[in-house]
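Each chain is listed here by its residues.
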Amino acid sequence: MAERVRVSTRMPIGHVRTPAYLRGKTGVIERTLGPFPDPERLAYGQEAQKFPLRRVRFTMAEVWGDQAETPDDTLDAEIYEHWLERVE
Amino acid sequence: MPHDHLSPSGHPYRPDQDHPLTYWQQMEIALRELLIEKGVTTAAEIQSQIEAMDARTPANGAAVVARAWTDPSFREALMADASEATRGMGFDIGPMRLIAVENTAEVHNMIVCTLCSCYPRNLLGLPPDWYKSRAYRSRTVREPRKVLAEFGVELPPGTTVRVHDSTADMRYIVIPARPAGTEGLDAAALAALVTRDSMIGTGLPRQP
């Protein structure tokens with residue numbers, strides 16, 4: 001059973017690599033990559049902690065609800081660990 | 001002359017750049033000149049890097065795809081670690097990582113970068129302008145099948161579309177399905193069938 005995760009809904013300013021359209025959405029971890037330095041600090045030349053980078057797979061139904069073009073199609077994105085919370 | 005702003009082919013000429021430099025153009029020139037003045041790099045080194053960037057074309061990616069179609073152990077290595085497998089062919093992706101996603105009878109993959117214009121330049125060269133457009137970036141995650149239809153791609157019923165948003169450290173190449181009727185072709189002949197768009201997922205390979 002693939003691990004289910006939800007993307008945080010926070011909306012900080014700055015160089016964030018978590019697309020706004022995926023915030024608050026739940027998906028499953030497709031694979032884990034990295035660790036890679038946190039781009040939110042790296043972009044400003046600050047010391048950056050390394051985080052695992054998860055490839056998270058969302059269904060189009062999860063991302064777009066009733067407006068999904070084809071509900072079972074999928075959207076994969078790379079999300080840093082500090083943006084994810086585990087879902088039971 | 002009513003139409004002297006048009007070329008003989010009827011298209012408008014690109015206007016001369018008589019406006020002052022933008023802030024970022026000034027910054028680029030200032031930084032480049034300082035790096036040369038301080039001996040960090042030379043104009044010749046910068047030029048040779050530009051030439052190396054211009055020399056990268058989708059033929060690199062096509063060679064990777066054709067080899068994946070003809071060499072099962074390479075295909076396996078490519079799917080396991082595409083950065084390493086393509087580096088072995090002389091295509092170094094540098095600090096980025098590469099993921100290969102494979103089209104099958106059941107799955108069609110498409111690549112987009114909604115945040116900017118991430119693209120596997122070492123394998124495909126410079127991205128086409130449409131890849132960087134807001135329309136492609138926003139619509140591909142929202143209505144990928146409509147986008148595919150506009151590119152002339154009809155998928156068989158039952159195909160799942162998987163869109164990959166290149167949001168962070170990964171770059172992606174689609175390994176299209178090998179066209180039917182190509183059993184007798186060698187890797188060089190197969191590579192000629194592999195288009196740029198088929199490796200982005202907005203097209204299919206040519207038929208022999």
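Note that this is a predicted model, so its numbers are computed, not measured.

A.B. asks: Break down the overall build of chain B for me, citing the residues and quoting the values.
C.D. replies: Of regular secondary structure, chain B possesses 11 helices and four strands. By its C-alpha atoms, chain B is 55 × 50 × 35 Å across when sized along the principal axes. Across the 208 residues that make up chain B, the buried fraction comes to 39%. Considering only intrachain contacts with a sequence separation of at least 6, the fraction spanning at least 24 residues in chain B is 64%. On chain B, roughly 11,700 Å² of surface is accessible, and the fraction owed to carbon and sulfur atoms is 56%.

A.B. asks: Summarise the pattern of salt bridges; cite the residues concerned and give the values.
C.D. replies: All names here are of chain B. For the structure on display, the rule yields 18 salt bridges over all chains. Between Arg-87 and Glu-84 there is a salt bridge, with the nearest N and O atoms lying 3.1 Å from each other. Highlighted residues: Arg-87 and Glu-84, both in helix H5 (residues 82-87), separated by three residues, approximately one helical turn. On the accessibility criterion, Arg-87 (32% relative accessible area) is partly exposed.

A.B. asks: Before we move on, can you summarise the environment of Val-163 of chain B with the specific residues and values?
C.D. replies: Note on placement: Val-163 of chain B falls in strand S3 (residues 160-165). With 119 residues separating them in the primary sequence, Val-163 of chain B and Ala-44 of chain B have C-alpha atoms 41 Å apart. Dropping the residues within four chain positions of it, Val-163 of chain B is found in contact with Met-60, Thr-74, Leu-75 and Asp-76 of chain A together with Met-110, Val-112, Thr-140, Val-141 and Pro-144 of chain B.

A.B. asks: Describe in detail the packing of aromatic side chains, supporting the description with residues and values.
C.D. replies: All chains considered together, the criterion is met by eight aromatic pairs over all chains. With a centroid separation of 4.8 Å and an interplanar angle of 85 degrees, the aromatic rings of Tyr-23 of chain B and Trp-24 of chain B are classed as edge-to-face. Of the residues examined, Tyr-23 of chain B reaches a relative accessible area of 52% and is grouped as exposed. Given the relative accessible area of 62%, Trp-24 of chain B is considered exposed. Consider the rings of Tyr-136 of chain B and Phe-151 of chain B, whose centres lie 6.5 Å apart with planes at 85 degrees: the pair is edge-to-face. Placement of Tyr-136 of chain B in helix H8 (residues 134-142) and of Phe-151 of chain B in the loop between helix H9 (144-150) and S3 is noted, with a sequence separation of 15 residues between them. Exposure remark for Tyr-136 of chain B: the relative accessible area of 5% places this residue in the buried category. Its relative accessible area of 30% is what places Phe-151 of chain B among the partly exposed residues. An aromatic cluster of three or more residues is present, and its members are Tyr-119, Trp-130, Tyr-131, Tyr-136 and Phe-151 of chain B. Over the ring of Trp-83 of chain A we find Arg-10 of chain A; its NZ or CZ atom is 4.1 Å from the centre of that ring. The lysine or arginine in question, Arg-142 of chain B, covers the ring of Trp-64 of chain A, its NZ or CZ lying 5.1 Å from the ring centre.

Rules and cut-offs
Along every chain, residues carry numbers that run from 1 in the direction the sequence is written. Written order determines the labels here, with chains lettered from A and ligands numbered from 1. Given that this is a predicted model, residues contribute local features only at a pLDDT of at least 70 and side-chain atom pairs are listed and counted only at 80 or more, while totals for whole chains, interfaces and linings are drawn from all residues. The side-chain quantities take in all heavy atoms of the structure and omit both hydrogens and water. Runs of E in the DSSP output that reach at least two residues are strands. Runs of H or I that reach at least four are helices, and both are numbered from the N terminus. Exposure is judged per residue with a 1.4 Å probe applied to protein chains only, and the accessible area is read against the type maximum: over 50% gives exposed, under 20% gives buried, and values in between give partly exposed. Contacts: residue pairs with any heavy atoms within 4.5 Å of one another. Under the convention used here, a 1.4 Å probe and the Shrake-Rupley method define accessible areas, while residue burial counts only the protein chains that appear. Counted as salt bridges are all cases of a side-chain nitrogen of Lys or Arg within 4 Å of a carboxyl oxygen of Asp or Glu. In summary, the pairing rule links any two rings of Phe, Tyr or Trp, Trp by its six-membered ring, whose centres are within 6.5 Å, and it sorts them by plane angle into stacked for under 30 degrees, edge-to-face for over 60 and tilted for everything else. The criterion for a charge sitting over a ring is simple: Lys NZ or Arg CZ within 6 Å of the ring centre, and within 35 degrees of the ring normal.

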